[in-house]
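# An overview of the molecular structure
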Amino acid sequence: MEILNIYGSLNGQTEKVALEIANVAEAAGHNVSTVNLKKEGVIFELLDYDLTFIGSGVYTWLPGKSVKDWIDRQLGYARDNNLILPGSPRIPGKFACTYCTYAGPHTGEAEAVPAIKYMGQLFDHMGITVVDEWSVVGAFVPKKMQHFNTSGRLGNIEGRPNAEDLKQVREKTAGLLQNLKHG
Ligand SMILES: Cc1cc2nc3c(=O)[nH]c(=O)nc-3n(C[C@H](O)[C@H](O)[C@H](O)COP(=O)(O)O)c2cc1C
């Protein structure tokens, strides 16, 4: 498959997940383009890819600025090119997986849900089927915010995503690739 692996990552937490995805997909023999949206203000021909992974940290229960800005630009491009049709008919063989890293300091996993849904809507509007949605715990990195890592709804999340979290990402990536292969 041609795989697009895009992410926004303010403090590098989501990048850890994106790099695991890239490693697993490349090792499985797929062509993978990994792009940090913070660094590159690009527009993609999304329909050139069989599967797109898109990830972001969570900021006020939505994706971060680099991802939201990219979605705005990409949505404008899709509208200008008639890529969003009434009823958003499914396009066979075109898939997306959205994920976030989040700390859930106030309301826990509920803070991750709007972020992954928000990202998924761009793909769903274009007829690209969102096949999976992942929420991965990611601790606050800035020093002055680290008290949230031990006082939030999720309990102690220091050091996350940890080795076990990243192992789960590798396994879910491998599982998703297998699923689409057999589908
Ligand atoms: C300024 C700031 C605001 C944040 N706001 C939220 C939030 O509203 N909800 C949440 O679940 N996590 C929040 N977080 C935690 C981040 O979503 C989490 O650490 C994530 O893994 C960061 O990913 P990134 O470094 O890839 O951007 C916030 C982190 C920072 C630094």
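Residues numbered from 1 in each chain as written. Predicted model: local features only at pLDDT ≥ 70, side-chain atom pairs only at ≥ 80, totals over all residues. Heavy atoms only, no water.

## As for the site of the ligand
Close to the ligand lie 22 residues, the nearest being Ser9, Thr14, Tyr59, Thr101 and Glu111. In this structure, an oxygen atom belonging to the ligand sits 2.8 Å away from a main-chain N or O atom of Leu10. Val58 has a polar backbone atom sitting 2.7 Å from an oxygen atom of the ligand. A total of 640 Å² of accessible area belongs to the ligand in isolation, and the protein chains cover 88% of it. More than half of the atoms belonging to the ligand lie within 2 Å of the grid points that define the largest pocket. Broken down by secondary-structure element, the contributors of at least two residues to the shell around the ligand are helix 1 (13–27), strand 3 (51–59) and strand 5 (95–102). Of all the elements, strand 3 adds the most residues to the shell around the ligand, at three residues. (Near = heavy atom within 4 Å. Polar contact = N/O pair within 3.5 Å; in protein donor to acceptor, adjacent residues only side chain to side chain. Areas by Shrake-Rupley, 256 points an atom, 1.4 Å probe, with all protein chains shown as cover. 1 Å grid on protein atoms, 1.4 Å probe; cavity = no way out; pocket = protein on both sides within 12 Å on 5 of 7 lines; lining within 4 Å. Sits in = over half its atoms within 2 Å of the grid points. Helix = DSSP H or I, 4+ residues; strand = E, 2+ residues; numbered from the N terminus.)

## Side note on the nonpolar core
Counting 30 residues, the largest nonpolar core has Ile6, Phe44, Leu46, Trp70, Leu122 and Phe123 as the members making the most contacts within it. Those elements that place two or more of their residues in this core are strand 1 (2–8), strand 3, helix 2 (65–80), strand 5 and helix 3 (113–126). Considering each element in turn, this core owes the most residues, six residues, to helix 3. Apart from the residues lying within four places of it in its own chain, the contact partners of Leu46 are Leu4, Thr52, Trp70, Gln74, Leu122, Phe123, Met126 and Ile128. (Core = buried A, V, L, I, M, F, W, Y, C linked by side-chain atoms within 4.5 Å. Buried < 20%, exposed > 50% of the residue type's maximum accessible area, 1.4 Å probe, protein only. Contact = heavy atoms within 4.5 Å.)

## Here we look at unusual backbone geometry
Along the chain, Arg160 connects to Pro161 via a cis peptide bond; the corresponding omega equals 10°. Take Pro161: it is sitting in the loop between helix 4 (148–151) and helix 5 (163–182). For Ser88, which is not glycine, the phi torsion reads 45° and is therefore positive. Examined against the element boundaries, Ser88 turns out to sit in the loop between helix 2 and strand 5.

## Digging into the environment of Ala18
As for its placement among the helices and strands, Ala18 is situated in helix 1. Taking the relative accessible area as the measure of exposure, Ala18 reaches 0% and is therefore buried. Those residues in contact with Ala18 that sit more than four places away from it in its chain are Asn5, Tyr7 and Tyr99.

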